[in-house]
Amino acid sequence: MQTRETKAQRVERLKKSVNPWERLAEIRRFAREGYAAIPPEWLGTYFRWWGVYPQGDGAGVVAGNGGEGKAVPFFMVRIRIPNGLLSSNQLRTVADLAEKYGFGVADLTVRQNIQLHWVTIETLPDVLDGLERCGLSSLASCGDVTRNITGCPLAGVDADEICDASPLVEQATHLLAGNPDFYNLPRKFKISVTGCRAWCTYPEINDIGLTAIVRKRRTGSETGFSIRVGGGLSAQPHLAVRLNAFVEWAQVLPVIRGVAEIFRGADILRDSRERARLKFLFLEQGWTADRFQQELENRIGFRLEPAEPEELPADLYRDHTGIHPQKQHGFSYVGATVLRGRIDPKQMRAAADLADRFASGELRTTSMQNLLVVNVPDRSANVLADGLDSIGLRVAASSFRRGAVACTGTEFCKLAITETKAFSRWLVEEMEERLPGFDQHLKLHVTGCPNSCGQHWIADIGIEGKKQKVNGELVDAYYFCVGGALGQLASIARPIGYRCPAGDVPAALERLLQAYLELRRRDENLGQFFARHTHETLRNFLAGQEVEAVGRDVSPGRVPHGIEG
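Notes on the structure follow.

### Thoughts on the overall build of the chain
Here comes step 1: A tally of regular secondary structure across the chain gives 16 helices and 20 strands.
Here comes step 2: The C-alpha radius of gyration computed for the chain amounts to 23 Å, which stays within 12% of the reference 24 Å derived for 565 residues, consistent with globular compactness.
Here comes step 3: Counting every position in the chain, which comprises 565 residues, the buried fraction comes to 62%.
Here comes step 4: Counting contacts in the chain only where the partners sit at least 6 residues apart, residues at least 24 apart contribute 70% of the total.
Here comes step 5: When the accessible area of the chain is evaluated, it comes to approximately 21600 Å², of which 47% is carbon and sulfur surface.
Here comes step 6: Counting 69 positive and 68 negative side-chain charges, the chain places the centres of these two groups 3 Å from one another.

This is the structure:
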């Protein structure tokens, strides 16, 4: 009796038969022949290797079947920006492409990418060619490959950094992106390499997280890296495991390649799309840090020296907003919030012009969906900040605006349950009105489904999209998780059993934060406050009364392999 091919088997069969990176000519043919000429395997799989993802119809997962919503004949195009390094001319190119081909919509993502929307198959080659001409690419920003490699956006200018690790990000990108040896991984593969002390690229939730560290030697000090492996969020969050290793600068690329080869060779991870990330070697296959390190050292052919003690960062915003001095005397960087990551062509061009007029023309994207201008002479910093403020990119922002992160949501994602972008803007503006004096650090993350593309598991307050019946009508709702943190107090946010319609979220947040302001102990931050209260107490703060716990009702739909998360 013939058995039906599983989803994982189908994807693995398709990947074995074609390396999409070698098939750009086919994309150009589809552009000539039109949307109807695109075969299902391209729409469902191969386009992702080029950072291209079919766009949803705006209704999200509930309008479809089999755990995925309906698609429209438009595409999202994700632009890979290694380390978040961006020139003014490149940002202008993105603005032009968004305006000409994407209805003026662009989004900054939690992996320092920029996403365009509404791109048609007929215009896709023009978009790809336009990116290539300015030194950008969408290659390897989706699919079962190494995604955009993140790094501290202040690399080279941070006054407190241990080292500028951006050259390693560039070299690792060259090693893995477009390399046919690594086009067929079990699933997406995320790497962070940072030389900063704040760990602003969240190494704890990457498949590989390399963080700079200094060790003392008889001949002086040496800069190298700590290494963590197997981090990830999605529906089953797992903080990366630290190996007992000091990775020397010259060992970084061999180590990255070695971990990628271990992942590539882990055939057990290819049996299920939902359990295909590197973290499942630890979650389900019994791997330990010692076993992983032994496998890694066998593969790279040398022993790694023991790890050095490291200083974990406090879990602050890590967003780099505001005006701050650089290591270069007389210069500052200016960080602006991009609320919900949504930025339009006018704002991009204006930011590029400001960077050229008052600085060196260098900008950076961040893991909190924000935008920085670096190498600003101190005398021009306030003028540049005023210019960013005037176009809606706030430099001096409220706690709610600074800490807000939002995923794509049902506006474009076929797997989302709720709309997130407009909701997040409304939520922030509501909270600014309700609690105008609130000045505590607050990471407020909105994700439209359980897959955590909005990273709600690491937020002080993370809200996860659901549906709820109100007067017989199905409406957007959100389920609350609190107390997520990284760094010194690393922990996954706690689902506390409270859900409410989207329209009631501001009032619930106001009640919770008012309780914090009234009941906090001296110098107690939000994380500490949440940690010393029970699920029941926090739930009742949100509701304003005693309520029974409700389950998360995790979606049975498939875990995506083309969106952030």
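Let us keep going from here.
### Comments concerning the packing of helix α6 (residues 166–176) against helix α7 (residues 252–265)
Here comes step 1: At their nearest, the axes of α6 and α7 sit 10 Å apart, and the two run at 40° to each other. Taken together, the axes of α6 and α7 lie oblique to each other. Crossing handedness for the pair α6 and α7: right-handed. For the pair formed by α6 and α7, the contact residues are L168, Q171, A172, L175 and L176 on the first element and V252, L253, I256, R257 and A260 on the second.
Here comes step 2: Taken together, the residues of the contact of α6 with α7 sort by class into eight nonpolar, one polar and one charged.

### Re the sheet that holds strand β12 (residues 331–336)
Here comes step 1: Taken in spatial order, the five strands line up as β3-β14-β15-β12-β11 in an open sheet, and their pairing is antiparallel. On the outer flanks of this sheet lie β3 (85–87) and β11 (322–325), each paired with one strand and no other. Pairwise comparison of adjacent strand axes, ignoring direction, gives a mean angle of 30° for this sheet.
Here comes step 2: In the sheet, β3 pairs with strand β14 (residues 362–365) via three bridges, with the strands oriented antiparallel. Bridge pairing in β14 links L85 to R364.
Here comes step 3: Set on the sheet, helix α10 (residues 345–358) makes contact with β14 and β15 (371–377); between it and β15 the angle comes to about 15°.

### Observations concerning the environment of P237
Here comes step 1: Residue position: P237 is located in the loop between β8 (220–229) and β9 (241–242).
Here comes step 2: Residue classification places P237 among the partly exposed residues on the basis of a relative accessible area of 22%.
Here comes step 3: P237 sits 209 residues away from R28 along the chain, and the two C-alpha atoms are 39 Å apart.
Here comes step 4: Those residues within four positions of P237 in sequence are excluded, and the remaining contacts are G232, K279, W457 and I492.

### A short note on the packing of α10 against helix α11 (residues 378–390)
Here comes step 1: Two elements in contact, α10 and α11, have axes whose closest approach is 10 Å; the angle formed by their N-to-C orientations is 170°. Viewed along their axes, α10 and α11 adopt a mutual orientation that is roughly antiparallel. Of the residues in α11, those touching α10 at A351, L354 and F358 are S380, V383, L384, G387 and L388.
Here comes step 2: Each residue belonging to the contact of α10 with α11 can be placed in one class, and the counts come to six nonpolar, two polar and no charged.

Analysis parameters
- Residues numbered from 1 in each chain as written.
- Predicted model: local features only at pLDDT ≥ 70, side-chain atom pairs only at ≥ 80, totals over all residues.
- Heavy atoms only, no water.
- Helix = DSSP H or I, 4+ residues; strand = E, 2+ residues; numbered from the N terminus.
- Rg over C-alpha atoms; globule rule 2.2 N^0.38 Å.
- Buried < 20%, exposed > 50% of the residue type's maximum accessible area, 1.4 Å probe, protein only.
- Contact = heavy atoms within 4.5 Å.
- Areas by Shrake-Rupley, 256 points an atom, 1.4 Å probe, with all protein chains shown as cover.
- Lys, Arg positive; Asp, Glu negative; His and termini not counted.
- Charge placed at Lys NZ, Arg CZ, Asp CG, Glu CD.
- Axes fitted to C-alpha atoms, helices over the stretch in contact; angles between N-to-C directions.
- Parallel < 35°, antiparallel > 145°, perpendicular 65-115°, else oblique.
- Left-handed = near helix turned anticlockwise from the far one by under 90°.
- Nonpolar A, V, L, I, M, F, W, Y, C, P; charged D, E, K, R; others polar.
- Pairing = 2+ DSSP bridges.

It is worth stressing that arrangement in space is one thing and function is another; only the former is reported here.
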